[in-house]
Amino acid sequence: MRDRWESLATLVRLTFAASPWLATTELVLVVVMAVAGPLQAYGVARMVNAVTGQGSVTAAAVILFAALALAFGGLVLSEAVRHRLEDGIELSLQRELLDLATGPPGIGHHEQPEIADRIGAAKEEFRRLRGTAGTIGSGLAVLVSTVTGLVLLAGIHPLLLLLPLLGLLRLWASAFGAREFRHAITATMQHHRRLDRLAEIAAHPRHGLEVRAFGLRGLLTDRIGELFEQQNEPRWQARRKGQLLEIAARVLFGLGYGAAIVFVVWLAREEHATAGDVTMVMLLAPQTDQAAQRLSDTVRVLIALLDVAGHLRWLRRYVGEQVAWEGAAQPPPALRHGIGLREVSFTYPGTQRPVVRDLTVHLPAGSTVALVGDNGAGKTTMVKLLSRLYDPSAGTILVDGTDLRTIDHEAWRSRISAGFQDFVRYEYTAREVIGLGDPARLPAPDQGDPGESDSAYDAAIEAGDARAVIDRLPDGLDTRLGTRFGGADLSGGQWQRLALARAFLRERPLLVLLDEPAAALDPESEHALLDRFNAASAATRATGGITLLVSHRLSTVRMADLILVFDEGRLVEAGDHDTLIAAAGAYAELFELQASAYR
Ligand SMILES: Nc1ncnc2c1ncn2[C@@H]1O[C@H](COP(=O)(O)OP(=O)(O)OP(=O)(O)O)[C@@H](O)[C@H]1O
C-alpha cells in the first residue's frame, strides 16, 4: 500500500514538475467545476421551493447562474490548460525514459529480461502517463462533488447517505477488475516483447529479402498469431471477470437509486421534506451515479498509471544504484603507459560460463592492437569491457595505472571512438551521420553549413574512405540518408564507410575501437582502408591513443604492433605478425590458410 502512495506522489510530482503554474491552475479549475454540479442541483431545489412560496426567487436564480457560469467557464479553460500540461508531461517523460535507458554505465540492463521487461512496460505505457493530470484532476473532482453532494443529501435525511455508499461498491469492483488486468499485463510482458520483435522482423525493409528468400512469411505470421493468443487470452479473461463484477455492482446501485427516490417522496408526503428536496434528490442521485462511474473509470486508469509510475520509480532506483558506484576520476589527457588488464575475467549477467578468462595483458600507449580468434572467442566482449559497457566480473583494467572503474564513464567514453560491424544506420543527413561520432561537432540546427568547411570532417571522411560515397550523393553532406524517410539509400559497404568516418571524427581519442570495420567492404576497398587506417592510427598515436582492431581477415591485422590471439576466452598467443609467424602457432596456421585462399 505504501508503494501505491509513493507511486501516487510520483505522479503528482511528475505533473507539477512539467509545469507548476499550469498544474495549479488545473487543480483550481477542477475544484471549481466539481462544486458546480451539486450547486446546480441546490439552485434548482431552491428555485422549486421559491416557486412554491418558500424562499427568494432572486437568491435561487443567482445560485443557479453562478453554478452554470462556474461549470461552463471551468470547462472551457480546463480543456486548454490540460492539453498544454499533458504535452509538457509527455515531453519530460520522453526525456527521462531516454536518460534512464542510457543512464547506467553499461548495457547489461538491456540484456536482463526483468529489466528489459520493465523498460518495455514503461515504454509501452508511458504515453498513458500523459493523462496523469486529467486522471488526478478527475479523481479530485469526483471527490469534491461527492462530498458536496453528501452534505446536501445529509441535510435532507442521513439515511440518503447509503446511496453514495453503494457507489463505493462499484468502485471496489472496478479497482478489482483493473488490478486483475494489470497482473495479466505484467504476466504476459514476455510474450508482448517477443511479439514486438517478430512484428519488427516481419515489417523491416532490411529483412524483406531474407524473409522472402527463406519463405518465412507463413511461419512468421503463424508465430505472431500464436504469441498474440498467448498474450491476449489471460488479458481477456481478467477483463471479463472485472466486467461481470461491475455489472453486478451497477444493478445494486440502480436498485438503491430507486429506493432513495421512493424514500424522499414518502418523506415529502409526511411533510418531512419539501418539493425542492425531492427535486434535489432526483438530480443528485444521477450525479452520484455518474460520480461512481467516473470514479471507477478514474480508479481503473489510476491503477494503470500507478503501475507505470511503479516501473518508473523502480527504473530510477535501479539507474541510481548503477550510477552510485560510478567513479569521478577524469581520464588522462594523453596516455603515457597504456592500458593494462590484470587477471580479467568476465561472465555475462544471467549466465554461468566465463567468456573472458584470466586475461593479463598490456596494451602499450600509441600502439595498434589486433584481436583475432574464432567466432565466440571473446573479442567483442573485450571491446565491451574496454568501453565500459560492462565491468569485469573479476580482475582490473588499468588506464595508465588508474582503475577504469574509478573513472567517470561518460568522460571515458568521450575519449573513445568506435566503429562496429553492426553499426547503426542513422537516417539523418550524411553530415549528421558522421557528426554523431563527436556530438560536439554537430552543426547546431540553426547554423548554416559549418561542417563542410570543418577540416575534422574532411579528415574523418578521408580516413573512413567515404569521399566517393559523399561525392555521389545529390546534395553531398546535406543529403538525407535512408529510404524510410524518403532519403537516399546506400549499400551496406557505403553505410560502413560512413560509420568508419564517424569513428575517425573524434580528435585525440585515447582508444579507437574498430570491431570488424571492414566486414562489409570488398577486398580492394579493404586494402585502401588499410593505408588510411594507418594514417589515422598515426594521428591517434600522437596522443598515446591505442587503436584496437577486431578482424577475421588476417591481411588487415598483420600491420598491428601487437596481435592478441584468443581461444574460448583465453589469450593463447601475443606478439607482432613476424613473431607469431616465427612461432608457427595458431596464428601462423590461420594466416597461411587465408593467404593460400588468395593465391
Ligand atoms: N549478451 C550476451 N549474453 C550472454 N552471452 C553472450 C552475450 N554476448 C556474447 N555472449 C557470449 O560470449 C561469447 C563471446 O562472444 P563475443 O561476441 O565476445 O565473441 P567474438 O570473439 O567477438 O565472436 P565473433 O567473431 O563471432 O564476433 C560467446 O560464446 C557468446 O555466446
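All values derive from a computational prediction rather than experimental measurement. (Residues numbered from 1 in each chain as written. Predicted model: local features only at pLDDT ≥ 70, side-chain atom pairs only at ≥ 80, totals over all residues. Heavy atoms only, no water.)

1. Quick notes on the overall build of the protein
Just so we agree on the cut-off: A run of H or I in DSSP becomes a helix once it reaches four residues, and a run of E becomes a strand once it reaches two; helices and strands are each numbered from the N terminus. In this scheme, a residue with accessible area under 20% of its type's maximum is buried, one over 50% is exposed, and one in between is partly exposed, where area comes from a 1.4 Å probe on protein chains only. A contact between two residues is defined here by any heavy atoms of the two lying within 4.5 Å. In short, Shrake-Rupley with a 1.4 Å probe defines the accessible areas, and a residue's cover is counted only from the protein chains shown.
On a plain count of helices and strands, the protein comes out with 22 helices and ten strands. Evaluated residue by residue, the protein yields a buried proportion of 46% over its 599 residues. Nonlocal contacts in the protein, meaning residues at least 24 apart in sequence, comprise 75% of its contacts between residues at least 6 apart. Counting every atom, the protein has about 29900 Å² of accessible surface; 58% of that belongs to carbon and sulfur.

2. A closer look at empty space enclosed by the protein
What counts, and what does not: Note on definitions: the grid is 1 Å and covers protein atoms alone; a cavity is a set of points where a 1.4 Å probe fits but cannot get out; a pocket is an open set with protein on both sides within 12 Å along at least five of seven lines; lining residues have an atom within 4 Å of a point. Grid points are joined across faces, edges and corners, and a volume is the space filled by probe spheres set on the points. Residue classes follow a fixed rule: Ala, Val, Leu, Ile, Met, Phe, Trp, Tyr, Cys and Pro count as nonpolar, while Asp, Glu, Lys and Arg count as charged, and any other residue, Gly among them, counts as polar.
As enumerated under the stated definition, the model contains two cavities of 30 Å³ or more in all. Roughly 30 Å³ of volume is contained in the second largest cavity. Along its surface, the second largest cavity is lined by Leu385, Arg388, Tyr390, Asp391, Pro392, Thr396, Ile397, Asp403, Leu404 and Arg405. Taken together, the residues of the lining of the second largest cavity sort by class into five nonpolar, one polar and four charged.

3. Remarks on the UniProt feature "transmembrane region" (unreviewed entry) in the protein
Applied cut-off: UniProt positions are given in the numbering used here, feature names are shortened, and annotations may be inferred rather than shown by experiment.
Under the UniProt annotation, "transmembrane region" (unreviewed entry) lies at residues 12–36, 56–77, 133–153, 159–178 and 247–268. Span residues 56–77 is 95% helix and 0% strand, its end C-alpha atoms 32 Å apart. Overall, residues 247–268 shows 100% helix and 0% strand. The separation of its end C-alpha atoms is 32 Å.

4. So, the pairing of strand S9 (residues 562–567)
Note the following rule: For two strands to be treated as a pair, DSSP must find no fewer than two bridges joining them.
Where burial is concerned, most of S9 is hidden: five out of the six residues are buried. The sheet contact formed by S9 and strand S10 (residues 570–575) spans five bridges and is antiparallel. Paired with leucine 564 across the strands is alanine 574, a residue of S10. Between the end of S9 and the start of S10, which pair antiparallel, lie two residues, with glutamate 568 showing a positive phi angle near 45°.

5. Points about the site of the ligand
Rules: A molecule or strand has a residue near it when one of that residue's heavy atoms lies within 4 Å. Contacts described as polar in this section are N or O atom pairs within 3.5 Å, which, within protein, must combine one atom able to donate a hydrogen with one able to accept it, while residues neighboring in sequence count only if both atoms come from side chains.
With respect to spatial proximity, 15 residues lie near the ligand, and among them Asn375, Gly376, Lys379, Thr380 and Thr381 are the closest. Between an oxygen atom of the ligand and a main-chain N or O atom of glycine 376, the distance comes to 2.8 Å. Within the side chain of threonine 380, an N or O atom sits 2.7 Å from an oxygen atom of the ligand. Considered on its own, the ligand offers 630 Å² of accessible surface; in the complex 70% of this is hidden by protein.

6. Details of the pattern of salt bridges
Proximity of charged atoms lets side chains of opposite charge pair with each other. Here is the rule we go by: Definition used for salt bridges: Asp or Glu carboxyl oxygen within 4 Å of a side-chain nitrogen of Lys or Arg.
Inspection of every chain in the model, using the stated rule, returns 13 salt bridges. Across the salt bridge formed by arginine 82 and glutamate 26, the nearest N and O atoms sit 2.8 Å from each other. Residue arginine 82 is located in helix H3 (residues 57–102), and its partner glutamate 26 is located in helix H2 (residues 20–51); the two are separated by 56 residues in the primary sequence. The partner of aspartate 478 in a salt bridge is arginine 431, with the nearest N and O atoms 2.9 Å apart. Taken together, the positions of aspartate 478 in the loop between helix H17 (467–471) and helix H18 (492–503) and arginine 431 in helix H14 (residues 430–435) put the pair 47 residues apart, joining distant regions of the chain. You can call aspartate 478 partly exposed: its relative accessible area is 40%. Judged by relative accessible area, arginine 431 falls into the buried class, the value being 3%. The network of salt bridges with common partners includes Asp458, Glu462 and Arg467.

7. A few points about the packing of helix H1 (residues 2–18) against helix H6 (residues 132–156)
Which entries qualify depends on this criterion: Where helices are involved, their axes are fitted lines through C-alpha atoms of the stretch in contact, as for all axes, and angles between N-to-C directions lie from 0 to 180°. If you view the pair so one helix is near and one far, a crossing is left-handed when the near helix is turned anticlockwise from the far one by less than a right angle, and right-handed when it is turned clockwise.
Packing of H1 against H6 leaves a shortest axis separation of 9 Å and a crossing angle of 115°. Regarding H1 and H6, the two cross each other, and that crossing is left-handed. Residues Leu11, Val12, Leu14 and Thr15 of H1 touch H6, and the partners they reach there are Thr132, Ala133 and Ile136.

8. Observations regarding the sheet that holds strand S6 (residues 416–420)
Strand order in the open sheet formed by six strands is S6-S7-S8-S3-S9-S10, with mixed pairing between adjacent strands. Unpaired on one side and paired on the other, S6 and S10 mark the two borders of the sheet. Pairs of neighbouring strands in the sheet enclose a mean axial angle of 15°, with direction left out of account.

9. Concerning a nonpolar patch on the surface
We apply this condition: Only residues above 30% relative accessible area that lack a salt bridge enter a patch, with like-charged residues linked at up to 9 Å and the nonpolar side chains Val, Leu, Ile, Met, Phe, Trp and Tyr linked at up to 5 Å.
A contiguous nonpolar surface patch, about 590 Å² in accessible area, is contributed by Leu169, Leu244, Ile247, Val251, Leu252 and Leu255. It is helix H10 (residues 217–269) that contributes the most residues to the nonpolar patch, five residues altogether. If you trace the backbone, valine 251 turns up in helix H10.

10. Brief notes about the sheet that holds strand S4 (residues 394–399)
Strands pair in a sheet through their backbones, by hydrogen bonds, and they do so in one of two ways: parallel or antiparallel. Spatial strand order, S2-S1-S4-S5: four strands in an open sheet with antiparallel pairing. Each edge of the sheet is formed by a strand with only one pairing partner; in this case those strands are strand S2 (356–364) and strand S5 (402–403). Sheet topology note: the strand S1 (residues 338–346)/S4 ladder contains five bridges and is antiparallel. Its bridge partner lying in S4, glycine 340 is registered against leucine 398. Contacts from helix H12 (residues 379–386) reach S1, S2 and S4 within the one sheet, and its direction differs from that of S1 by about 120°.

11. Digging into the layout of surface pockets
The volume enclosed by the second largest pocket comes to roughly 880 Å³. Lining the second largest pocket are 32 residues, with Leu143, Leu171, Leu295, Val299 and Leu302 sitting closest to its centre. When residues of the lining of the second largest pocket are traced back to their parent elements, those giving at least two are H1, H6, helix H7 (162–187) and helix H11 (275–324). Here the lining of the second largest pocket is built from residues that sort into 24 nonpolar, six polar and two charged.

12. Examining the packing of H7 against H10
For any two helices packed against each other, one specifies the inter-axial angle together with the distance between the axes. As a reminder, the rule being used: Here is the rule for angles: anything less than 35 degrees is roughly parallel, anything more than 145 is roughly antiparallel, 65 through 115 is roughly perpendicular, and the remaining ranges are oblique.
Packing of H7 against H10 brings their axes to within 8 Å, and their N-to-C directions diverge by 175°. Compared by their axis directions, H7 and H10 come out roughly antiparallel.

13. Looking at the side chain of serine 551
For serine 551, the position within the fold is in the loop between strand S8 (546–550) and helix H20 (554–557). Residue classification places serine 551 among the buried residues on the basis of a relative accessible area of 6%. In terms of polar contacts, serine 551 uses its side chain to reach the backbone amide nitrogen of arginine 553, at 3.0 Å.

14. Concerning the nonpolar core
General note: in soluble globular proteins, nonpolar side chains tend to be found buried as a group. Going by this rule: Residues grouped as a nonpolar core are buried Ala, Val, Leu, Ile, Met, Phe, Trp, Tyr and Cys residues, joined through side-chain atoms within 4.5 Å. Where each domain starts and ends comes from a domain assignment, either automatic or drawn from a database.
Of all hydrophobic cores here, the largest spans 37 residues; its most connected members are Ile434, Ile470, Leu481, Leu498, Val557, Ile563 and Tyr587. Element by element, the count of residues in this core is highest for H18, at six residues. If you count residues domain by domain, this core takes at least three from each of domain 2 (333–415 + 508–599) and domain 3 (423–507). In this view, isoleucine 470 contacts Ala430, Ile434, Ile461, Gly476, Leu477 and Leu498; residues no more than four positions away in its chain are not counted. In terms of nonpolar packing, the next biggest core, distinct from the first, is built from 34 residues, Leu371, Val399, Leu510 and Leu548 among them.

15. Considerations on unusual backbone geometry
Backbone geometry places glutamate 568, a non-glycine residue, at a positive phi of 45°. For glutamate 568, a relative accessible area of 59% translates into the label exposed. Even without being a glycine, alanine 584 presents a positive backbone phi close to 55°.

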